Every structure is written in C-alpha cells, then in structure tokens.
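Given next are the chains, with one letter for each unit.
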2 protein chains.
Amino acid sequence: MTAVPAMGPTTGQASFYEVIERRRDVRAEFTGERLPDDVLTRILGAAHRAPSVGMSQPWDFVVVESDETRQAFRDHVTLERDLFRDSLPSERRETFDRIKIEGICESSVGIVVTYDETRGGQHVLGRHTIADTGLYSTCLAIQNLWLAATAEGLGMGWVSFYREDFLRDLLGIPAGIRPIAWLCVGHVSHLETVPDLERHGWRSRRPLDEAIHRERWRA
Amino acid sequence: MTAVPAMGPTTGQASFYEVIERRRDVRAEFTGERLPDDVLTRILGAAHRAPSVGMSQPWDFVVVESDETRQAFRDHVTLERDLFRDSLPSERRETFDRIKIEGICESSVGIVVTYDETRGGQHVLGRHTIADTGLYSTCLAIQNLWLAATAEGLGMGWVSFYREDFLRDLLGIPAGIRPIAWLCVGHVSHLETVPDLERHGWRSRRPLDEAIHRERWRA
C-alpha cells in the first residue's frame, strides 16, 4: 500500500502519533478545493500557539490565494529548480527529474511564514547568547501548522526553491522581516505513506538508533 | 484554574488539538522520576519522523542523565542568566527575578539536539538558495519531540541561556556540528494552563488576528 485516504471531518480527534505518522511533504496530491475559513483559522491558531523564545511570537502568516501571485512565485521557483538541476551530476539529475518539487498553484492556499527579529524588543528572554533562537521559534510554529493541517485531513508542502528577496518583493514584506517558508496547504486526494524522495530513490531514511547518543557524542 | 493534571498512560490517544493546547515550556514542575526507555524511544521516534529539507534528517539527539554533566551545564546557565539579568532595566529585573528559567537538574533527562550541515552531502534538495533550511528542519524535529512529550503526559522546557561552544565541549560534540537546544524532559506534577512568562507579567500573548495578513503584507 502506498497511499492512505484523507482523514475527513472527524480528524480533530485523530491521536497524536497517528498525525505524526501520516504527515507528508505534499507536492502532487493537491485537489485545489477551497479551504473553509474556520479550518484555516484553526490551523493558523495551532501555529500561533507554538512556543517562542521569551514569548516573542516573532512570526507572521501571509495567506496567498491570488492566482496571479502564485503563478509569479511558481515561475521564480521553476527557474531556481532548473539552476539546482544543472548543478547535479548526471545520474542524480535523472533521479531528480522524477520528483515534483512544488504544488504552488494546485494547492488550496499558500501560507508564507515570516520572522521579525525586532519582535519582543531589545531584551528577549533567552535570546542573548544565541541570536537564532527567534528563527528557531518560527520553525516551531511551522511544525504546529504542518501537523494541524495533517490532523484536519489536509496536505502541506514546504517550498524552499526561492530567493528570499524575490518573495519579500512579491508580497511587500518589509526589509527587516525574513520570509522563512512558502507553505502549500490544501485538500488532497490522499497522502502517500512513503516520502516522495524515498519513493523516487533520491535518499533513504536514517535509522533512529544512529541519531541517538548517550551522555556524550558517540565518535 | 491555573493547572491541569498530567495526562497519564492513556495519553497516546489524546486528540491532536488537546496536545497543542496543553503544551507548555516547563521549568518548575518536574518531579525527576525516571523516564522508561520505551517512552524515551517513542518521543525521539516522533522527533525523527519530522520532515527535513531534501530528507537530510540533519539532527542528532544526545540523551544526558549524568548528574555531573547536568550540574556543570546548570552552573554555566546560571552565569549566563545573571549576565542577562544585569543587562535589564531595573523594573524588568524585578519581573525577571520571579521567573525560573530552567529545570536542568530536576527534569528526568536532558536531550541535546544538534544540527549537522554536512548531512545529505553537497546537493541537498531544496537547500541551494537558503543555507538555513537544514537548521529549520532540526527545529521541526524539536517541535515533534515537544508535542510527543506532551502527549505522553510529560513536560518539556527549552533552555537557551548557554554558549554553544560550552555545550559542544561539555558533550564532546565535533566542531562542525551545532548544538541547537538543551531540552529538559520528564515527568511533571502538572502543566500550567497559562505560560510562565505571562503569569509572571513578563509579556502578553499577541492576538492571532494581528499575525494574519491577506495576499500581501499589511502595512
């Protein structure tokens, strides 16, 4: 079996570990069906309840439905995809060509998540030794959003084939604020059970045991 | 009501949104009771099933139980806490003094999460335009871990009052690998319903509406 049906409206009660297991990085399975406002508010609410350094909540969410904006972004991403493709050794290029890397126009909505490093003022509790902690917080919100979308029976895919300046200009994001992700979110026909990059032979998953060290780094 | 009881052993079936809502950044509520191996494996397994750029899975987990290591880290954190305290205006200092910032020695276990930027080789799919995407992936794993701990009825708190070089030396982490977080994880007496920083008057939560923009950044 390589696919599971979308979960449907009862999924608010899906168990936590089911959601972790079902979550995929979606590109090809979007149906484009419109997202109800209450669902969008629930998943953004989950993102907004993420923890953040010094409770700075340094994120914002730009919800993009406009076809024109999405097409412009998709065209930019296609150029960057081709640049990456050109950088690959030929055998990797063949594998890469089998992989769809974005569902920008096919998804129900794009959600751009940004990071404002000035949020919380000069003395952010917990950030004085590590400037990136605000960036980390923004990613925690993204993962809440991803899992909430999965719990709702939706799919989500993170697109990172873009230049930050391009996306900032496209959406009128101020210079000091950094776009962290373009997230394609929406209804899906199904969710694959094996990640796309594994199914297409790009890369295999690492065993958990290799990632766990006891007391000190294992040489 | 300011506290809810820990969820207990049936929590594997907690609904997803309950877990999002109950999750807190825990400092004062740890009991120190030992964590069973199967629980530790389940929550690390949830972290390891996070999405990652190009399926690079660039994270590692160093599980620290040693009292000696934890005390050394706690002493370092205390010094950094005092430096931060000294940087505050006096009225903020009074608020800050009410806040416990870590539960390093009281928690059941410390989990240090690291980021290896060489994982996945030279051509990480989705990272050629934005070097930080591997760092972002590591944070997604941390949020999976945080929510899994919450679903298990445990508490977790992220300690960031440290210098990365100190923690690298303490655990023998190689120079090219970056420690991203020290996570205090363990059994708790209860989880607070209001975040510590809000309860103690450090900062209030931002309304969700302010964080949502439609189509373009709202000036």
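None of the values given here were measured: they were computed from a predicted structure.

So, how was this worked out
- Residues numbered from 1 in each chain as written.
- Chains lettered and ligands numbered in written order.
- Predicted model: local features only at pLDDT ≥ 70, side-chain atom pairs only at ≥ 80, totals over all residues.
- Heavy atoms only, no water.
- Helix = DSSP H or I, 4+ residues; strand = E, 2+ residues; numbered from the N terminus.
- Rg over C-alpha atoms; globule rule 2.2 N^0.38 Å.
- Buried < 20%, exposed > 50% of the residue type's maximum accessible area, 1.4 Å probe, protein only.
- Contact = heavy atoms within 4.5 Å.
- Areas by Shrake-Rupley, 256 points an atom, 1.4 Å probe, with all protein chains shown as cover.
- Lys, Arg positive; Asp, Glu negative; His and termini not counted.
- Charge placed at Lys NZ, Arg CZ, Asp CG, Glu CD.
- Pairing = 2+ DSSP bridges.
- Axes fitted to C-alpha atoms, helices over the stretch in contact; angles between N-to-C directions.
- Buried area = accessible area lost by both parts, 1.4 Å probe.
- Salt bridge = Lys/Arg side-chain N within 4 Å of Asp/Glu carboxyl O.
- Expected span 1.5 Å × (residues − 1).
- Polar contact = N/O pair within 3.5 Å; in protein donor to acceptor, adjacent residues only side chain to side chain.
- Least-squares fit on C-alpha atoms with pLDDT ≥ 70 in both.

Engineer: Got a minute to help me understand the overall build of chain A in this structure?
Structural biologist: When helices and strands are tallied, chain A shows eight helices and seven strands. What you see for chain A is a C-alpha radius of gyration of 18 Å, in line with the 17 Å of a compact globule of 219 residues. When the backbone C-alpha atoms are referred to their principal axes, chain A occupies close to 50 × 50 × 45 Å. Put simply, chain A has 219 residues, and 60% of those count as buried. A sequence separation of at least 24 residues applies to 80% of the contacts in chain A between residues at least 6 apart. Surface summary for chain A: the accessible area is close to 8500 Å², and the carbon and sulfur share equals 49%. Looking at charge distribution, chain A has the averaged site of its 27 positive side-chain charges lying 5 Å from that of its 33 negative ones.

Engineer: Is there a simple way to think about the sheet that holds strand β5 (residues 177–186) of chain B in this case?
Structural biologist: Note: strands within a sheet are paired through backbone hydrogen bonds, in either parallel or antiparallel orientation. The strand order across the open sheet formed by five strands is β7(A)-β2(B)-β3(B)-β5(B)-β4(B), and the pairing between neighbours is mixed. For this open sheet the edge positions go to β7 (212–214) of chain A together with β4 (155–159) of chain B, each flanked by a neighbour on one side alone. Between one strand axis and the next, the sheet turns by 25 degrees as a mean value, whatever way the strands run. Of the pairings in the sheet, the one linking β7 of chain A to strand β2 (residues 59–64) of chain B comprises three bridges and is parallel in character. Note on β2 of chain B: the bridge partner recorded for R214 of chain A is V63 of chain B. Seen against the sheet, helix α6 (residues 164–171) of chain B touches β2, β3 (109–116) and β5 of chain B and runs at an angle of roughly 75 degrees to β5 of chain B.

Engineer: Just checking my understanding: could you explain the interface of chain B and chain A for this structure?
Structural biologist: Bring the parts together and some accessible area is lost; that lost area is often taken as the interface size. Of the residues lining the interface, 100 residues belong to chain B; the matching set on chain A comes to 100 residues. In total, chain B and chain A occlude about 8600 Å² of area from one another, counting both sides; carbon and sulfur atoms represent 60% of this. Broken down residue by residue, the surface that chain B buries against chain A is led by Y17, M55 and W217 of chain B, which jointly contribute 10%. Counting across the chain B and chain A interface gives six salt bridges.

Engineer: Sorry, what's going on with helix α3 (residues 67–87) of chain A here?
Structural biologist: A rise of 1.5 Å per residue sets the reference length of α3 of chain A, with its 21 residues, at 30 Å; its end C-alpha atoms lie 30 Å apart and thus fit the reference within 8%. Summarising the contacts, the buried residues of α3 of chain A are in contact with β2 (59–64), α4 (90–97), β3 (109–116), β4 (155–159), α6 (164–171) and β5 (177–186) of chain A.

Engineer: Sorry, what's going on with the environment of I20 of chain B here?
Structural biologist: Along the chain, I20 of chain B turns up in helix α1 (residues 16–22). According to the relative accessible area criterion, I20 of chain B is buried, its value standing at 1%. Apart from the residues within four sequence positions on either side, I20 of chain B is in contact with A46, R49 and N144 of chain A together with L147 of chain B.

Engineer: Whenever I open this one, the sheet that holds β2 of chain A confuses me. Can you help?
Structural biologist: Read from one edge to the other, the open sheet built from five strands follows the order β4(A)-β5(A)-β3(A)-β2(A)-β7(B), with strand pairing classed as mixed. Of all strands in the sheet, those with a lone pairing partner are β4 of chain A together with β7 (212–214) of chain B, marking the two edges. With strand direction ignored, the average angle separating the axes of adjacent strands in the sheet is 25 degrees. Summarising the sheet, β2 of chain A and β3 of chain A pair through six bridges and their orientation is antiparallel. Bridging across to β3 of chain A, V63 of chain A finds its partner in I111 of chain A. Across the face of the sheet, helix α2 (residues 37–48) of chain A comes into contact with β2, β3 and β5 of chain A together with β7 of chain B while running at roughly 160 degrees to β2 of chain A. Across the face of the sheet, helix α5 (residues 133–151) of chain A comes into contact with β2, β3, β4 and β5 of chain A while running at roughly 5 degrees to β5 of chain A.

Engineer: Where do I start with the side chain of E102 of chain A in this structure?
Structural biologist: Residue and element names in this part refer to chain A. Inspection of the secondary structure assignment puts E102 in the loop between α4 and β3. Within the buried set, E102 has no salt-bridge partner at all; the shortest N-O distance to an opposite charge, 4.8 Å, is to K100. Among the polar contacts listed, one links the side chain of E102 to the backbone nitrogen of I104, at a separation of 2.8 Å. Other than its neighbours up to four places away in sequence, E102 contacts R27, R74, V77 and V159.

Engineer: Is there a simple way to explain the pairing of β4 of chain B in this structure?
Structural biologist: Residues in a regular strand project their side chains so that they alternate between the two faces of the sheet. All names here are of chain B. Of all five residues making up β4, five are buried, and the element is well covered by its neighbours. Taking every second residue as pointing to the same face, both faces of β4 are buried, with G155, G157 and V159 on one and M156 and W158 on the other. By the bridge criterion, five bridges tie β4 to β5 in an arrangement that is antiparallel. Residue G155 lies in a different strand from β5, and its bridge partner there is G186.

Engineer: Looking at this model, I keep getting lost on the relation of the copies chain B and chain A. Mind explaining?
Structural biologist: Between the two copies of this chain, the relationship is a rotation about some axis together with a displacement along it. You can overlay chain B on chain A at an RMSD of 0.0 Å; the transform is a turn of 180 degrees with a shift of 0.0 Å along its axis. Between the two chains, the operation in question is that of a two-fold axis. By residue overlap, the copies meet face to face through one surface: 100% of the interface positions of chain B are interface positions in chain A.

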